[in-house]
Amino acid sequence: MTAFLLSIALLFNLQSSASDSILVKSEIEQVTVFKNQAQVQRKAEVDLKSGTTVIVFTGLSETLVDQSIQLKGSGVFTLLSLTTRIDFTEKTIYRNDIQALRDRKSQLQQKIAETQAELEVIQSEMNMLSSTQEIIKNNKLTPTEINALISLYRTNLSELLNKRISENKTLNELRTELDNVNRQISESVGTERTSFKEVIAEIQLENTQSIEFTLDYQVYSAGWEAAYDVRSSDINSPLTISYKAKIYQNTGIDWKDVKFIINSGDPTSNATKPELSKNYVSYYVKPSTVFNELSSSLQEVVVTGYSERSKVTSVKSEDIQASPTLYKPTIIQNAEVSNQTSFSYEIAIPYSVPSDGKHHTVEIKRESPSTDYKYGTSPKLSKFAYLVGNVPDWSELNLIEGEANIYFDNRFVGTTFLDPVSLDDTLSISLGKDERIIIDRELLKEFSSKNFFRSRTRESNSYEISIRNSKSEPVTVTVEDQIPISTNEEIKISPKELSNGKLDEETGIISWELIVAPGETKRLRFGFEVEYPKGKRIVY
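Residues numbered from 1 in each chain as written. Predicted model: local features only at pLDDT ≥ 70, side-chain atom pairs only at ≥ 80, totals over all residues. Heavy atoms only, no water.

## Topic: the overall build of the chain
Part 1: The number of helices and strands found in the chain is 5 helices and 28 strands.
Part 2: By residue count, 35% of the 540 residues in the chain fall in the buried class.
Part 3: Counting contacts in the chain only where the partners sit at least 6 residues apart, residues at least 24 apart contribute 78% of the total.
Part 4: Taken as a whole, the chain presents about 34700 Å² of accessible surface, with 49% of it coming from carbon and sulfur. (Helix = DSSP H or I, 4+ residues; strand = E, 2+ residues; numbered from the N terminus. Buried < 20%, exposed > 50% of the residue type's maximum accessible area, 1.4 Å probe, protein only. Contact = heavy atoms within 4.5 Å. Areas by Shrake-Rupley, 256 points an atom, 1.4 Å probe, with all protein chains shown as cover.)

## Digging into the nonpolar core
Part 1: Phe57, Tyr228, Ile247 and Trp255 are the most contacted members of the largest nonpolar core, which totals 82 residues.
Part 2: Residues in contact with isoleucine 247, not counting those within four places in the same chain, are Val33, Gly223, Trp224, Trp255, Phe260, Ile262, Val353, Lys358, His359, His360 and Val362.
Part 3: Counting 10 residues, the second largest nonpolar core, distinct from the first, contains Ile98, Leu101, Leu171 and Leu178. (Core = buried A, V, L, I, M, F, W, Y, C linked by side-chain atoms within 4.5 Å.)

## So, the pattern of salt bridges
Part 1: Evaluated as defined, the whole model comprises 18 salt bridges.
Part 2: For aspartate 66, the salt bridge goes to lysine 197, with nearest N and O atoms at 2.7 Å. Of this pair, aspartate 66 sits in the loop between strand S4 (51-60) and strand S5 (70-73) while lysine 197 sits in strand S7 (residues 190-205); the two residues are 131 residues apart in sequence, bridging distant segments of the chain.
Part 3: A residue is classified by how much of its surface remains accessible, and aspartate 66, at 34% relative accessible area, is partly exposed.
Part 4: With a shortest N-O distance of 3.1 Å, glutamate 367 and lysine 365 are connected by a salt bridge.
Part 5: By relative accessible area, which is 13% here, lysine 365 ends up buried.
Part 6: Residues joined by salt bridges that share partners form a network here, namely Asp434, Arg436, Lys471 and Glu473. (Salt bridge = Lys/Arg side-chain N within 4 Å of Asp/Glu carboxyl O.)

## Notes on helix H2 (residues 98-130)
Part 1: The terminal C-alpha atoms of H2, which comprises 33 residues, lie 48 Å apart, in line with the 48 Å expected from a rise of 1.5 Å per residue.
Part 2: Taken together, the buried positions of H2 are Ile98, Leu101, Leu108, Ile112, Thr115, Leu119, Ile122, Met126 and Leu129. (Expected span 1.5 Å × (residues − 1).)

## Digging into the side chain of threonine 251
Part 1: Within the secondary structure, threonine 251 is located in the loop between strand S10 (240-249) and strand S11 (255-263).
Part 2: Residue classification places threonine 251 among the buried positions, given a relative accessible area of 6%.
Part 3: There is a polar contact of 2.7 Å between the side chain of threonine 251 and the side chain of glutamine 249.
Part 4: Those residues in contact with threonine 251 that sit more than four places away from it in its chain are Ser61, Glu62, Thr63, Val219, Tyr220, Ser221, Ala222 and Ser355. (Polar contact = N/O pair within 3.5 Å; in protein donor to acceptor, adjacent residues only side chain to side chain.)

## Remarks on the packing of aromatic side chains
Part 1: Evaluation of the coordinates by the stated rule reveals 12 aromatic pairs.
Part 2: Look at tyrosine 228 and tyrosine 243: their rings are 5.5 Å apart centre to centre, the planes differ by 70°, and that puts the pair in the edge-to-face class. Taken together, the positions of tyrosine 228 in strand S9 (residues 222-232) and tyrosine 243 in strand S10 put the pair 15 residues apart, joining distant regions of the chain. Tyrosine 243 matches tyrosine 228 in its accessibility class, with the two residues each being buried.
Part 3: Seen from their ring centres, phenylalanine 260 and tyrosine 351 are 6.1 Å apart, and the 75° between their planes marks the pair as edge-to-face. (Phe/Tyr/Trp six-rings, centres within 6.5 Å; stacked < 30°, edge-to-face > 60°.)

## Points about the side chain of aspartate 434
Part 1: Among the structural elements, aspartate 434 can be located in strand S21 (residues 426-443).
Part 2: In this structure aspartate 434 comes out as buried when scored by relative accessible area, which is 9%.
Part 3: Within the structure, the side chain of aspartate 434 is placed 3.0 Å from the backbone nitrogen of arginine 436, a separation counted as a polar contact.
Part 4: Looking at aspartate 434, its side chain comes within polar contact range of the side chain of lysine 471, at 3.1 Å.
Part 5: Discounting residues that sit within four places of it in the chain, aspartate 434 has contacts with Tyr375, Ala385 and Lys471.

## A few points about a negative patch on the surface
Part 1: A surface patch of negative charge is lined by Glu27, Glu29, Glu45, Asp47 and Glu212.
Part 2: Mapped onto the negative patch, the elements with two or more residues apiece are strand S2 (27-33) and strand S3 (38-48).
Part 3: Residue class for glutamate 29 comes out partly exposed when judged on its relative accessible area of 40%. (Patch = residues over 30% accessible without salt bridge, like charges linked within 9 Å, V, L, I, M, F, W, Y side chains within 5 Å. Lys, Arg positive; Asp, Glu negative; His and termini not counted. Charge placed at Lys NZ, Arg CZ, Asp CG, Glu CD.)

## Quick notes on the confidence of the model for the chain
As a general rule, the predicted coordinates of low-pLDDT regions are not to be interpreted in detail.
Part 1: In this model, the chain carries a mean pLDDT of 81, and residues with pLDDT of at least 70 account for 81%.
Part 2: The spread of mean pLDDT over the elements of the chain runs between strand S12 (residues 321-322), the lowest at 36, and S2, the highest at 96.
Part 3: Residue range residues 1-19 is modelled with pLDDT below 50. Its contacts to residues more than four positions away, or to other chains, number 0 contacts.
Part 4: Contacts from residues 290-332, a stretch scored under 50 in pLDDT, to residues over four places away or in other chains number 49 contacts. (pLDDT = per-residue confidence, 0-100.)

## Notes on unusual backbone geometry
Part 1: Although it is not a glycine, asparagine 398 adopts a positive phi angle of roughly 55°.
Part 2: Summarising the element assignment, asparagine 398 is placed in the loop between strand S18 (384-392) and strand S19 (402-408).
Part 3: Assessed through its relative accessible area of 17%, asparagine 398 is described here as buried.
Part 4: The phi angle at aspartate 409 is positive, at roughly 55°, despite the residue not being glycine.
Part 5: Turning to its location among the elements, aspartate 409 is positioned in the loop between S19 and strand S20 (411-418).

## Points about the environment of glutamate 177
Part 1: In this fold, glutamate 177 is placed in helix H4 (residues 143-188).
Part 2: The spacing of glutamate 177 and leucine 108 is 69 residues in sequence and 7.8 Å in space, taken between C-alpha atoms.
Part 3: What glutamate 177 contacts, discounting residues up to four positions off in sequence, is Arg104 and Leu108.

## Re the environment of leucine 60
Part 1: Within the fold, leucine 60 resides in strand S4.
Part 2: The sequence separation of leucine 60 and lysine 25 amounts to 35 residues, and the corresponding C-alpha distance is 9.3 Å.

## Regarding the environment of asparagine 96
Part 1: Along the polypeptide, asparagine 96 turns up in the loop between strand S6 (78-93) and H2.
Part 2: Distance from asparagine 96 to serine 188, taken between C-alpha atoms, is 8.5 Å for residues 92 residues apart in sequence.

Right under this line is the structure:
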């Protein structure tokens, strides 16, 4: 009897516990987008009775990170447990033209029935013609009557046979089309299986109350990339940099009309400071023969180095293309917030980003930093001078690496890549070439020679660079060229005439700062001597 009562009590408790579960549909209020993840904030108001209640937040993204879940509420309650589970749902889906296919199926079935009926009529008529033989046998007919009857039989039978062939062909075509329609209908109907996560919270309350819950969690398959529009009307106006965030997400849940915060942080990166371990020194041990052969083959690999002097990559499009007329839209003032490890932008108006994995662009802010314009050229590589906008103290702009569209004088110039990972105080942005500054570089053969002195060979090379300004105003041009550098003690490099240029002995780059008046041509000469052992061949 006692066991029976315990069973009844246990059953009652299970039913009571199940009845206390509340399914909650929450709404997305805010999304904080990081570089490779996003934090979603949902809110829902729930009326709860005193005691223990299980609340199930439904319809959440399957990419939810379980360890990131946080639950807060406006009332007084005790959170006993917080877990997740996956909910699978299935629904039948149809093609948009399913009704048209069904209508066509009914039409074909009707036509097939009519064709089959017509074939039955033809067969009956052919059966009647077959009785002609009985008429000839049972009746005394003259030869003329017999010939007339046979002619009528032949004519009618021929027509019926041809008609039967035609109807059978029509019937086969109708059945073939019906098979295709049935196949399309079967392919049109499918089952869509979707899965969502649910957050299950066990709550204990001392009294009945209405609580507004705030559920925060992070999701994968979301992030943003920085993009910029860099504009300048002329060299007397500062650059205007438009910050843009290209947001993407494929979480399975659309973000509709929600508040966005764009954050430069990356929650997926390792937050732990690396620690150095002991570094022991020992004698070198000669590697095995197999390793030696492998090392020899690896020596043939060519490694290409990249100059550390570059601030940005060169402009991709050298052609100047017309762009739409610039306009001054209403600027939304988004709030910028900085902390110790990252910075964020609060987008002032709600925005929508569907779960399609595509980029959706939102403007963050605009800046017009002070800009110093100069022309730069490397005659060894290009016969053009490029306008460069130099932005001092750029670290205050909170730039992130990303692609930038460049516009100058209301025209699209090309694209470049802003890479703010630099220790320099000035950020240089290339604004395209100016064909009105003409550059030429020539080897002066009369001042170049090759001589032999004892066991050594000496080569002398001299170059002349000319810069002509065909513009109507003076320009400041930075000219860069180079002399080779040697890492071999047997090869000696000696700079000669440099035309007052500054030589960086570590890189071999010579630079000149020139002010060229309208219509003026300035010339620079530089040269160097290479000395190396006789009988050797060098390249540079």
